[in-house]
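Below, each chain spelled out in residue letters.
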Amino acid sequence: MEEYPQELRTPPVSLVALVGCPEQHILISTHLNSEQPPINSLALPDLSKISLLLPAKTVNQQPAVSSSPNGILKRDWMQKHRTKIPAVVAALFSSLHVAGDPAQWLQVCSDLDHLKTLIRPRNIKLVVVVVHSSSQDEINEDRLLALRKRAEVDAKHLLLFNPDDPFELKQSLSRLGAAFAELAAIYYRDEARRIRTRIEKKTFNSVDLHVRYCFKVGVYAEFRRDWVEALKFYEDAYHALREMVATLTRLPGIQRMVEIKTVAEQLHFKISTLLLLGGKLTEAVKWFHQHYASYRRFVGSPENIFLHWEWMSRQFLVFAELLETSSATIQNIPSLALGTAEQPLTEWEFRPAYYYQSAARYLKEKRGALELALSILETWNENDSVTEPAVPSIYVGQFSRLLEQGDDLAMQPLTDEEYTHYAIAEGKRFQDSFEIIALLKKSHESYGNLKVRRMASLCASEIAREYFSLEDFNNAKQLFDGVGNLYRQEGWVSVLWEVLGYLRECSRKLGDVKDFVEYSLEMAALPVSSGVDSLHFRAKEHGPGGPASHSQREAIHKEVFGLVSEEANLASNNDLKVTQENPLHLEIDLVSPLRSVLLASVAFHEQIIKSGMPSLITLSLLSQLPLSIEIDYLEIQFNQPECNFFIINAQRSPSDELLTKKQGFRLESAPSLALLTNKWLRLTYDIKSEQSGKLECVSVIAKLGPHFTICCRAESPASMDDLPLWKFEARVETFPTKDPALAFSGQKAAQVEEPDPQVDLTLGASGPALVGEHFMVPVTVTARGHAIHFGELKINLVDVRGDGLFSPRESEPFSLDSHNVELLGITGPEGEEESQLGPDKITKIQQSFGLYSVPSLEVGKSWYCKLEIKWHGPKPIMLYVSLGYSLDGTDLNAPRTNIHKSSQIEGKVAVQISHRFMAPFRRDALLPSRSNLVSDSDQLESLPLNETSILLVSAKNCCEVPLQLLSMSIEVDDDKIEKSCSEQLGGGDLLGSAIVVPGEEFKKVFTIIPKVDSSKLQLGSVHLKWRRLSEVESQSGSTSVASWVSTKHKLPDVNVELSPLIVSLECPPYAVLGEPFTYSVKVRNQTELLQEVKFSSVDAQSFVLSGSHNDTAFVLPKSEHILHYKVVALASGLQHLPRVSLTAVRYSAVFQPSTAASTVFVFPSEPHFKIADAEEKKMEPVAAD
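Residues numbered from 1 in each chain as written. Predicted model: local features only at pLDDT ≥ 70, side-chain atom pairs only at ≥ 80, totals over all residues. Heavy atoms only, no water.

### Description of the sheet that holds strand β27 (residues 843-845)
With respect to topology, five strands assemble into an open sheet ordered β27-β28-β25-β30-β31, the strand pairing being antiparallel. The open sheet has two edge strands with one neighbour each: β27 and β31 (896-905). When strand polarity is set aside, the average angle formed by the axes of neighbouring strands in this sheet is 15 degrees. In this sheet, strand β28 (residues 849-854) lies alongside strand β25 (residues 789-799) in antiparallel orientation, the contact comprising six bridges. The residue of β28 that forms the bridge with Glu792 is Ser853. (Pairing = 2+ DSSP bridges. Helix = DSSP H or I, 4+ residues; strand = E, 2+ residues; numbered from the N terminus. Axes fitted to C-alpha atoms, helices over the stretch in contact; angles between N-to-C directions.)

Given below as structure tokens:
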């Protein structure tokens, strides 16, 4: 499309001419170019220059009926109307000249008359513009009227232009643009009507003129943006041209044919562009196929047929570019109505890739036809060519010769023979291969974007052939490789054969012997039969690989093995040599296309074999090469190198190379190592492994020549895939092994069992582990029947529930580490020195993993160590201990024997600590916070200021073993200079160690006297030291005492407040039946206010009470009020005293003594006690925050 002139490729734009006032031209032109649609402009400085643009012309006469033109379309007609002949002429006059003196006015009138004389014969429209020289200019209306009459224009076409005032300037430019657009549309409409009248009246009898006139009307319609009318007349011109071609009785001259096709090409381009511009994609595609069908047989003589193929290629190329650049290309092509029943359209005909590909195909035809033309014109030489340069004529599609006649140049038409010579000379100047490659690359890229691999591969194959013809073998080989991969996946044998032939030849040209042999062997192993010889392939389509036939396979087979055996050298491949300095080694893996060349199947007869015991293994080889091959020897390789062995051909003497390689390996012999086509070669031998673990056959190496080897990856018969290209071929299929069961279940790997260990590994874990203690697990190793060398002990801690040993801190607030269970260390026997462990001692400890070296032990010796494990949280774990050792004390890499032991250990919480705050016996403090009726679970415990409170701490044994408690104390978290409260032990320190059996609870009493009024007082933490009761004895007989463990219990913060009233009951420790005693209630007021207290008493059945039952008392500030009652017991035993209730009116608080405080024991008579002297124990205060 770039070869087309710009006036054909772009839509026409209206053209106007600006004459006079050159200083305003740039301003007006810029505005016109920004209009939609834009308007082009020509600028002339004054009216005297107008004759240069529009020379004098008489009115055109109608052409004679019998006149016949020399061509169809003039080459420069569109360019002339786009760049030279304006539709509107704007005469710009200065306001000073229009309103000036009579001489200036007469000059204006003279210029207008001259301008009208030039534009009237051409029907060009006129606009008169008066440009204000300054904003104060005023022009007489009479003078403007006279100017309009002189110019013979309408009032709206006489415009005032004021460039000084921005607002007026904008308005003036807008009016000027509207006037130009209106008059240009009128001009092009009138021109089109004038020519359309000729068509309707048929004032001519020439088809050329009919085509020309229809084309001109279409162009004028495009000027007006009337796409419908333009499309109609372009189609009329095209149909008229096609009818002319259809009515020809004999083949026209070559130049006439070229002219017709060129005009048809331009008309087709215009029509396709307009259809795509209107979004009519289907109609555009249908039109292209009509265009193609109309001219595909309009070829010309044999020596000129290459011009036809070049023209056809250009049609497809241009339409592809139109589809690619047009907005009408719709991605969802299948939703369109694809053609009709008579002429269906495929999806690809809506894609640019199809047309690029077709353009390349026709360009190939052109290249072949050009070669044919050169062969036809054997006598043609450079002297027969056109000596004078040939240039395009004044008509589209015609060429002429330039002749010098003095100082002038004349054009002389070419004869058909001269034009043929000129066209052939032009064709020889260009290398079509590069353009073909460019077109195919565009098609390949487009197909690739559409994810159409097959079509993209077809284009890539054609590109590679072009590179091959240009002898660019690197690019050709790279492309053929990609194409061949797809053909292998799809199983297209015939086309794969052709591609491999090219790859084989590229490798030959590049001197790559490895690739040459690989492609040759793959071709020789392709499933082609003799029936393929008679396919539709022509001789030239076979490619360098020749026809796909069995005989050709055999020829390639012989060529390759002749090369690797140095028996023969091809004359064309002197650079391809396989020698001792340049050996050849091929690798065949599980996805290699060379699996059909050599396929190795290995099957162990037993899946589990004993260490050191022989087992059978079957090796099977299969080849699809057309001729039998003889193998020199086979090398079977395993993942355990000591199991490798060689199989030699008994019919051939072993080479020196084999004798050198076999040292240290087993050597086996086979009667014959000949591989026949599609027949398994089965070989069965013993295999023995001294190393436990997996024994796998890795590969089989076949020696096929002095310097040629093939390494084939071993495959299991049970999981072996079929050969993809041979899967559906008619051939006899056999099993790789004689035993069908082994063929379905055989594996190329077996498991070698470890020898039975003769070592005892004992774990001495006893009882559950307690959270916080260092739990010791004895591990004993006894060399019962094996001596231990290079021993390693591996320890793993695994969660029983599978939740992991990691525990978030928030879920277990007592956790001291991010792991619930931690391996702290491994301790060897006492007195063990590092020299006993040897120089390769290994010690590696992690949270849940440990590795420790075991010293060498002779038979009958033992060794032990201790695993120190700590539980940070209650969690059961599985302890895995593995011992790996070697029987050979000299080789560190010798096979190892392993023994495993495991034990589940339960981690439990040893003690559970709780606490409770209490008031002193028969003494209660009134706390305002307790009188609040609203209950709050988050409310802190309240204690009275400067009053004694009792803290009872309990430690319960929650485990299954007895515990020995050493001490229980309260410790502050931070050191404070001043004490905020005093804490005292009740009952003193533990004398000796307290023994707490499972389920038993140990209690201890502390007294607390807060000294600071605080809403959140910190009391510290309770620290309990404990350990298991008995000594822990290990399995080895050593004795160790469990270490003390400290458990911490954080005491909650308390609220300390001043108690307004303190109520205490005073009563003797016991009573005697019938004897009176005093029962007192003391109320102490600790405030500065007078407190009103109401009290009442309730008689008890077992006592007689004397005193006030209901009364109100007023307690003075900082004083006490005592209520006295005389009480006589009427019954013996544990009796309830009369209940006394007090109410603090100010605080609305009611006090009632507890049941225990209101109980006293009554003896029937006076008891007699024997009192022993006891030393009063001191209280030790402890500070807390």
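### Let's talk about helix α11 (residues 254-277)
Taking 1.5 Å per residue, 24 residues should reach 34 Å; α11 reaches 34 Å between its end C-alpha atoms and fits that length. Summarising burial for α11: 21 of the 24 residues are buried, a large majority. Of the residues flanking the end of α11, it is Gly279, one or two places downstream, whose phi is positive at about 75 degrees. (Expected span 1.5 Å × (residues − 1). Buried < 20%, exposed > 50% of the residue type's maximum accessible area, 1.4 Å probe, protein only.)

### With respect to the packing of aromatic side chains
Summed over all chains, the structure comprises 39 aromatic pairs. For the pair Tyr1070 and Phe1163, a centre-to-centre distance of 5.3 Å together with 90 degrees between the ring planes defines the contact as edge-to-face. Of this pair, Tyr1070 sits in strand β47 (residues 1070-1072) while Phe1163 sits in strand β56 (residues 1159-1163), placing them 93 residues apart in sequence. A residue is classified by how much of its surface remains accessible, and Tyr1070, at 26% relative accessible area, is partly exposed. By relative accessible area, which is 22% here, Phe1163 ends up partly exposed. By the ring-pair criterion, three or more aromatic residues cluster together here, those being Phe288, Tyr292, Trp309, Phe316, Phe319, Tyr354, Tyr355 and Tyr362. Positioned above the aromatic ring of Phe233, the side-chain terminus of Lys232 is 4.5 Å from the ring centre. Above the plane of the ring of Tyr362 lies Arg361, whose end atom (NZ or CZ) is 5.0 Å from the centre. (Phe/Tyr/Trp six-rings, centres within 6.5 Å; stacked < 30°, edge-to-face > 60°. Lys NZ or Arg CZ within 6 Å of the ring centre and 35° of its normal.)

### Comments concerning a nonpolar patch on the surface
Where nonpolar side chains cluster on the molecular surface, the patch consists of Ile995, Val997 and Leu1029 and spans about 220 Å² of accessible area. Checked against the element boundaries, Leu1029 lands in the loop between β41 (1021-1028) and β42 (1032-1033). Owing to a relative accessible area of 37%, Leu1029 belongs among the partly exposed residues under this scheme. (Patch = residues over 30% accessible without salt bridge, like charges linked within 9 Å, V, L, I, M, F, W, Y side chains within 5 Å. Areas by Shrake-Rupley, 256 points an atom, 1.4 Å probe, with all protein chains shown as cover. Salt bridge = Lys/Arg side-chain N within 4 Å of Asp/Glu carboxyl O.)

### A word on the packing of helix α9 (residues 207-223) against helix α10 (residues 227-246)
Relative orientation and spacing of two packed helices are given, respectively, by the angle between their axes and the distance between those axes. Viewed as axis vectors pointing N to C, α9 and α10 meet at an angle of 165 degrees, and their least axial separation amounts to 7 Å. Taken together, the axes of α9 and α10 are roughly antiparallel relative to one another. Here the hand of the crossing between α9 and α10 comes out left-handed. Along its contact with α9, which presents Val207, Asp208, His210, Val211, Cys214, Phe215, Val217, Gly218, Val219, Ala221 and Glu222, the element α10 presents Trp227, Glu229, Ala230, Phe233, Tyr234, Asp236, Ala237, Ala240, Leu241 and Met244. Taken together, the residues of the contact of α9 with α10 break down into 15 nonpolar, two polar and four charged. (Parallel < 35°, antiparallel > 145°, perpendicular 65-115°, else oblique. Left-handed = near helix turned anticlockwise from the far one by under 90°. Contact = heavy atoms within 4.5 Å. Nonpolar A, V, L, I, M, F, W, Y, C, P; charged D, E, K, R; others polar.)

### Thoughts on the pattern of salt bridges
Taken as a whole and assessed by the stated rule, the structure comprises 40 salt bridges. The salt bridge partner of Arg351 is Glu347, with a shortest N-O separation of 3.4 Å. Among the salt bridges present, the one from Arg465 reaches Glu498, with a minimum N-O distance of 2.9 Å. Taken as a pair, Arg465 in helix α17 (residues 453-469) and Glu498 in helix α19 (residues 493-510) lie far apart in primary sequence, 33 residues in all.

### Some details on the sheet that holds strand β3 (residues 88-94)
Pairing is parallel across the open sheet formed by five strands, whose spatial order is β2-β1-β3-β4-β5. With one partner strand each, in any of the chains shown, β2 (40-44) and β5 (158-161) form the two edges of the open sheet. This sheet shows a mean twist of 25 degrees between the axes of neighbouring strands, independent of strand direction. The strands that helix α8 (residues 166-201) touches are β1 (15-19), β3, β4 (125-131) and β5; relative to β4, the one it contacts most, it runs at about 165 degrees.

### Some remarks on helix α2 (residues 25-33)
Taken residue by residue, α2 has His25, Ile28, Ser29, His31 and Leu32 as its buried positions. The arc that holds the buried residues of α2, viewed along the axis, is 160 degrees, so those residues lie on one side. Away from the buried face of α2 by more than 90 degrees, exposed residues Ile26 and Thr30 are located. Of the surrounding elements, those touching the buried residues of α2 are β1, β2, β3, β5 and α8. (Arc of directions from axis to C-beta.)

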